[in-house]
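# Tertiary structure, described
Here is how the chains run, residue by residue.
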Amino acid sequence: MGLDKKKAKVGEWRVPEKRLLCYAALGGALGVLLGMYHFRHKTKHWSFRIGIPLLLLVHMGLAMFVYLHYL
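Let me sum up the structure you'll find in this document. (Residues numbered from 1 in each chain as written. Predicted model: local features only at pLDDT ≥ 70, side-chain atom pairs only at ≥ 80, totals over all residues. Heavy atoms only, no water.)

## A word on a nonpolar patch on the surface
A cluster of nonpolar residues, Met 64, Phe 65, Val 66, Tyr 67, Leu 68, Tyr 70 and Leu 71, forms a patch on the protein surface that exposes about 840 Å² of accessible area. Among the secondary structure elements, Leu 68 is positioned in helix 4 (residues 51-70). Residue classification places Leu 68 among the exposed positions, given a relative accessible area of 56%. (Patch = residues over 30% accessible without salt bridge, like charges linked within 9 Å, V, L, I, M, F, W, Y side chains within 5 Å. Areas by Shrake-Rupley, 256 points an atom, 1.4 Å probe, with all protein chains shown as cover. Salt bridge = Lys/Arg side-chain N within 4 Å of Asp/Glu carboxyl O. Helix = DSSP H or I, 4+ residues; strand = E, 2+ residues; numbered from the N terminus. Buried < 20%, exposed > 50% of the residue type's maximum accessible area, 1.4 Å probe, protein only.)

## A few points about unusual backbone geometry
Positive phi values are uncommon outside glycine, yet Arg 40 reaches one of about 50°. For Arg 40, the position within the fold is in the loop between helix 2 (17-39) and helix 3 (46-49). On the basis of relative accessibility, which here comes to 67%, the residue Arg 40 falls in the exposed class. For Lys 42, which is not a glycine, the phi torsion comes out positive at approximately 70°.

## Remarks on the nonpolar core
Within the largest apolar cluster, 11 residues are counted, these being Met 1, Val 15, Leu 20, Ala 24, Ala 29, Val 32, Leu 33, Met 36, Phe 48, Ile 52 and Leu 56. Elements supplying a minimum of two residues to this core: helix 2 and helix 4. Counting residues per element, this core draws most heavily on helix 2, at six residues. Excluding residues that lie within four positions of it along the chain, Val 32 makes contacts with Met 1, Leu 20, Ala 24 and Ile 52. (Core = buried A, V, L, I, M, F, W, Y, C linked by side-chain atoms within 4.5 Å. Contact = heavy atoms within 4.5 Å.)

Such coordinate-based values are descriptive only and should not be taken to indicate function.
Right, dumping it as structure tokens:
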């Protein structure tokens with residue numbers, strides 16, 4: 001998020017939103033969420049405002065399921 005925000009300010013090549021969402025879906029939802037609010041980047045996009053917290057909840061639910069049933 002920080003790199004994309006920096007590049008957005010100077011008009012350089014950007015990280016595609018699809019890639020940021022993919023990183024979040026592959027386990028980086030907490031990092032993307034923290035980066036969104038720390039750098040104040042992508043916070044107006046509904047796909048990020050709603051989608052990233054939902055992905056984080058899914059990840060937390062999966063982690064709890066694995067912890068309770070397999071450890």
